[in-house]
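Observations on the three-dimensional arrangement
Listed here are the chains, written in short residue letters.
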Amino acid sequence: MKRLLLPKPVVWIALLGLAFLMVSSGAAWGEVLKVSQPDQCLYPDPDFAGQPLLPVPVGAELNVLSQAGDWFKVEYQDKVGWIHRQAFPAPPAGSKFSLGRLIGVAPVKETKSDEVALAGKGFTPEVESAYRQKHPEMKFAEVDRIEAVRIPPAQLQAFIAAGGLQP
Amino acid sequence: MRNHQRILALIMLLILPTVWGCAAAAVLPVAGIATTGVTKAVQASREITDSEEYYLGRAVAARILTQYPLYQNHQITTYVNEVGQTVARKSSRPETFRGYHFAVLDTDEINAFACPGGTIFITRGLLNSCATEDQLAAVLAHEVAHVANKDGVNSISKARWTEVWTAMGAEAVRQYGGVAGNLINLFEGSIDDVFKTLVVNGYSRTAEMAADAGAVDTLTKAGYNPQALADLLEQMMARGKSGSGGIFTTHPPTSDRLAQVKAMIKEAPTSSAEAKRTNRFKKIVQL
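Each chain carries its own residue numbering, running from 1 in the written order of its sequence. Lettering for chains starts from A, numbering for ligands starts from 1, and both go in the order in which the items are written. This being a predicted model, a pLDDT of at least 70 is required before a residue's local features are given, and a value of 80 or more before pairs of side-chain atoms are given or counted; all residues contribute to the totals for chains, interfaces and linings. Values shown for side chains rest on all heavy atoms present in the structure; no hydrogens or waters enter the calculation.

**Looking at the pattern of salt bridges**
As a reminder, the rule being used: One speaks of a salt bridge when a side-chain nitrogen belonging to Lys or Arg is within 4 Å of a carboxyl oxygen belonging to Asp or Glu. We count a stretch as a helix when DSSP gives it H or I for four or more residues in a row; a strand needs E for two or more, and each element gets its number in order from the N terminus. We call a residue buried when its accessible area falls under 20% of the maximum for its residue type, exposed when it is over 50%, and partly exposed in between, using a 1.4 Å probe and counting protein chains only.
On inspection of all chains with the given rule, the structure shows 20 salt bridges over all chains. Lys134(A) is the partner of Glu188(B) in a salt bridge, and the nearest nitrogen-oxygen pair spans 2.7 Å. Residue Glu188(B) is found in helix 9 (residues 182–201), and its partner Lys134(A) is found in helix 4 (residues 125–134); the two belong to separate chains. Close ionic contact of Lys221(B) with Asp217(B) constitutes a salt bridge, the shortest N to O distance being 3.0 Å. Of the two residues, Lys221(B) and Asp217(B) are both situated in helix 10 (residues 205–222); the distance of four residues between them amounts to about one turn of the helix. With relative accessibility at 36%, the residue Asp217(B) sits in the partly exposed group.

Pasting the structure below:
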C-alpha cells in the first residue's frame, strides 16, 4: 500500500487554508439579525401559508438558530419560529462566507450574483420586499391575514354536505 | 507526524471541493443569465409563472386594501371562504400557487375583484345585494373564472411584460444598476396595469362573457343553481339606469351577457337543498 507523503510547505498551506476558513466564517448560527422591513411575522414553518405566530416589528433583534434556503429559524420573545429573509433585505454582514452555511443547507451567495440571480427569477419575494420598502403604505399585513384564513378539509366537506352540493 | 499529515490532507481534500463547489454554484447563474440577456428578444413572450402571478396578486390586493378597508367579521369571512372554496375546486383552475382566498371589503359600493393568483374580494355592498347563497356562489364563481382565465395578468401591457423579461437579462441588470432599479419599477408598473383594469376600467366584454361561461360551468359542477347568475345579472340590469361606478363599470351587466348565461343553463330546478342554503345564507349574512 502506498503511503501518502506530504512535503512541509503543503502542510503549512493546508493549515493556513483552514485558519482562513475559521476566521472568515460568519456566525450564521447564533447571529443576531435586526428586522428592517415592516409587516413581518414569525411563522411556525418555513412557509407563508402557515398561521403567523406573532408579528415582528421593525428593529426587533432575532437570534438565528439555523437557516433553510430563504428562511431563518429564529428565537424571538421566547418563541421559536421561521422568518423569511425579506425581513432583512441586505445580506447580513459577515455571513457571506460562513462555514456553517457551507456544510448546511443554505446556499452561499455573494451580493453581485444575488442581484443577477434575483433578476433572472422575475417577480419574487425579494422584488416584493423592495416594493414594500418603496411603498410602506401598501397593506401587505392585511393580505397576510387574508391568506391565513384556512378552511380545514373536514369543515369544507361538512359545509358541502349540509348544502346538498357536489363533494 | 506522518499520520497527522495524512489526516490533514484528507481534511483538505474534503473541504476544498466543498468550497469550490459552492463558489461555482454562486457564479453559475451569472453565466446562465448572461446568455439569457443575449437571447432576450426571442424569449420576450414567455408566460408569467404561477409564483410570479402570486406575488403580483399579493401586491394588487395590498393596493386595493389601501382604498377599501377589510370587513372584520370572522363568521362572514369564514362563510364566504366556504362558498368560495366550494366553487373554486370545481373551476377550470382548482389549484393556484398558494390557493384561493376570499375576503369582504367594508364598503357599500357594489363590486368584486379577482387579484391574480387567487385572492378574491367581494364588497359588503354586493354581498348584501345577493339574496341567496347560490347568488353569492355565482359572484365568486365569476371571479374565480377571471383568475382561471388569467384576465388580471393579461391586462399587463405587452410592452411592459416584454421589458420585464428583458430586465431579467444580466446585461439589463448591469445597465439599470441591479434588481433594485428596473425590475422593481416594472413590478410597480404591472401592479398599476392590473389595478386599473380591476378597479377602474374593467375587463373587456369578451373576458366578461368568458368568465360568465366559466361560472355557469363551475356552478353546475359544484351543485349550485346556475340560474342564480342569470337572476343576479337581471337584478343588476334593473338597477342599471340608477347604478353607476363599481360593478356597473368594471363588470357591466349587459343583455348579451344575460342571453348567453340563459342559453347555457339547461335545467335549473329549485331544490330543497337550495332552500337550505338560502336559509344558512340569511342566518349568517343578513343578521
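Next comes the rest of the account.
**Examining the pairing of strand 3 (residues 119–123) of chain B**
Residue and element names in this part refer to chain B. In plain terms, the rule: Two strands pair if DSSP finds at least two bridges between them.
For strand 3, the tally of buried residues reaches five of five residues, placing the bulk of the element in the interior. The pairing of strand 1 (residues 101–105) with strand 3 spans five bridges and is parallel. Opposite leucine 105, over in strand 3, you have threonine 123 as the bridge partner. Pairing of strand 2 (residues 112–114) with strand 3, which is carried by three bridges, proceeds in the antiparallel orientation. When the sheet's bridge partners are listed, alanine 114 is paired in strand 3 with isoleucine 120. Hairpin connection of strand 2 to strand 3: four residues between the antiparallel strands, including glycine 117 at a positive phi of 95°.

**Points about the pairing of strand 6 (residues 79–84) of chain A**
Consecutive side chains of a regular strand alternate in pointing toward one face of the sheet and then the other. In the sheet, strand 5 (residues 71–76) of chain A pairs with strand 6 of chain A via six bridges, with the strands oriented antiparallel. Following the sheet pairing, Trp71(A) is matched in strand 6 of chain A by His84(A).

**Things to note about the sheet that holds strand 4 (residues 61–68) of chain A**
Residues and elements named next belong to chain A. This is how it is decided: Lines are fitted to the C-alpha atoms to define the axes, a helix being fitted only along its stretch in contact, and any angle between axes, read from their N-to-C directions, falls within 0 to 180 degrees.
Read across the open sheet, the four strands follow the order 1-4-5-6; overall the sheet is antiparallel. At either end of the open sheet lies a strand with only one pairing partner, and these are strand 1 (32–34) and strand 6. Each adjacent strand pair in this sheet contributes to an overall mean axis angle of 45°, direction not counted.

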